[in-house]
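If you want the building blocks of each chain, they are given just below.
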Amino acid sequence: HYHVTAGDFNLDGHMDLYVVVQTAFREPRKNDLLLLNQKNGKFKVAGKHGTESPFTFEDGNTAIAFDYNEDGRMDLLVGPRNATWRLYENQTPYFGNDYVIVLVGRPRAGAQQAFANWDRHPMGAVVTVKCGDRKNAQRVGSNGQSHSVSAGTRMHFGIGKCRAEKYSISVDYLGGVSSFRLLTGRNKKVVTGLFYDQCEKGFTGMNCARKVDPCRSSGCPQGR
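Residues numbered from 1 in each chain as written. Predicted model: local features only at pLDDT ≥ 70, side-chain atom pairs only at ≥ 80, totals over all residues. Heavy atoms only, no water.

## Regarding the overall build of the protein chain
Put simply, the rule is: What counts as a helix is a DSSP run of H or I of at least four residues, what counts as a strand is a run of E of at least two, and both are numbered from the N terminus. Throughout this description, buried means an accessible area under 20% of the type-specific maximum (1.4 Å probe, protein chains only), exposed means over 50%, and partly exposed covers the range between. Only heavy atoms matter for contacts: two residues are in contact if any of them lie within 4.5 Å across the pair. Note on areas: Shrake-Rupley with a 1.4 Å probe; residue coverage comes only from the protein chains shown.
Broken down by element type, the protein chain carries 1 helix and 16 strands. Expressed as a percentage of its 224 residues, the buried residues of the protein chain come to 43%. Considering only contacts in the protein chain between residues 6 or more positions apart, those separated by 24 or more positions represent 52%. Accessible area of the protein chain: about 12,500 Å², with a carbon and sulfur share of 51%.

See the structure below:
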């Protein structure tokens, strides 16, 4: 059996996979796999990646990728089922690659609301970061499949060697609410404070390009 967690471990703008190998009871432990995205729809198994198990008999169970020391690189918390959990700090050189971290909260209404019930929970929202010709999208939720992995709203994006003066971040919430920000300056930053698009009545979404029926949210008199 296998459990998978995703993260851009080398910050090249392409999601990699960490695969936890679960062995049968009393069988020798097999090392987990780190699959590096080759940017062509294929993955390459990394050689010695530093999370090899020090124990002969233990059962791989789960792993979660997150930036525990906030240096912009995704670390790993690996949890065997019958041994001590271990935290592995990512020490991969940056090689000139950069990153953006987005803290996704609830959208805030603008001065003009396209409809009344704009408030949305971030779970399930799609976050898109565009820097130059690079575009990377992730859905807010768990980045692993195990029952012991919780969901988080701190979204990590590797953007490779993009040095564009401006980059954009958009969040599409469930229910048709969108937030958008165009940012300038250095890319290494934590971004907060996304705002709901200020659209005229009857329009919503990014650039206010999507029409909505106000009766769907606020209700209309019978017979409208």
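## Quick notes on the sheet that holds strand S5 (residues 62–66)
The condition that has to hold: Any two strands with at least two DSSP-identified bridges between them are counted as paired. Where helices are involved, their axes are fitted lines through C-alpha atoms of the stretch in contact, as for all axes, and angles between N-to-C directions lie from 0 to 180°.
What the 3 strands build is an open sheet, ordered S5-S6-S7; its pairing is antiparallel. At either margin of the open sheet sits one strand with a lone partner, and together these are S5 and strand S7 (86–88). On average, each strand axis in the sheet is inclined to that of its neighbour by 20 degrees, with strand direction left out of account. In the sheet, S5 pairs with strand S6 (residues 75–79) via 5 bridges, with the strands oriented antiparallel. Residue pairing in the sheet places Ile64 in a bridge with Leu77 of S6.

## A short note on the sheet that holds strand S9 (residues 126–131)
Pairing within the open sheet is antiparallel, and its 4 strands lie in the order S10-S9-S12-S13. The two strands at the open ends of the sheet, each matched to only one other strand, are strand S10 (134–139) and strand S13 (178–184). Geometrically, the sheet is characterised by an average inter-axis angle of 15 degrees between neighbouring strands, direction not taken into account.

## Some details on unusual backbone geometry
A positive phi angle, close to 55 degrees, is found at Glu70, a residue other than glycine. Residue position: Glu70 is located in the loop between S5 and S6. Residue classification places Glu70 among the exposed positions, given a relative accessible area of 56%. With a phi close to 55 degrees, Phe95 is a non-glycine residue in the positive phi region. Position of Phe95 relative to the elements: it lies in the loop between S7 and strand S8 (98–103).

## Here's the deal with the nonpolar core
We count it as follows: Residue types Ala, Val, Leu, Ile, Met, Phe, Trp, Tyr and Cys, when buried and joined through side-chain atoms within 4.5 Å, form a set referred to as a nonpolar core.
Val102, Val104, Val127, Met155 and Ile169 are the most contacted members of the largest nonpolar core, which totals 18 residues. Taken together, the elements giving at least two residues each to this core come down to S8, S9, strand S11 (154–160) and strand S12 (166–172). Excluding residues within four positions of it along the chain, Val127 makes contact with Val102, Val104, Asn136, Ala137, Gln138, Val140, Met155, Phe157, Ile169, Ser170 and Val171.

## Observations regarding the confidence of the model for the protein chain
So the rule is basically this: Confidence scores per residue from the predictor, reported as pLDDT, run from 0 to 100.
Averaged over all residues, the pLDDT of the protein chain equals 77, while 71% of them reach at least 70. For the protein chain, the element scoring lowest by mean pLDDT is helix H1 (residues 215–218), at 51; strand S4 (residues 43–45) scores highest, at 96. Confidence drops under a pLDDT of 50 for residues 110–116, and excluding neighbours within four residues, the segment shows 26 contacts in the predicted structure.

## Focus: the pattern of salt bridges
If the charged atoms of two oppositely charged side chains come close together, the side chains can form a pair. For clarity, the threshold we go by: One side-chain nitrogen of Lys or Arg within 4 Å of one carboxyl oxygen of Asp or Glu is enough to make a salt bridge.
The tally for this structure, following the rule as stated, stands at 2 salt bridges. The salt bridge partner of Asp71 is Arg73, with a shortest N-O separation of 3.0 Å. Each member of the pair, Asp71 together with Arg73, is buried. The closest approach of N and O atoms between Arg163 and Asp98, which form a salt bridge, is 4.0 Å. On the criterion of sequence distance, the pair formed by Arg163 in the loop between S11 and S12 and Asp98 in strand S8 is long-range, its members being 65 residues apart. For Arg163, a relative accessible area of 51% gives the class exposed. Residue classification places Asp98 among the buried positions, given a relative accessible area of 8%.

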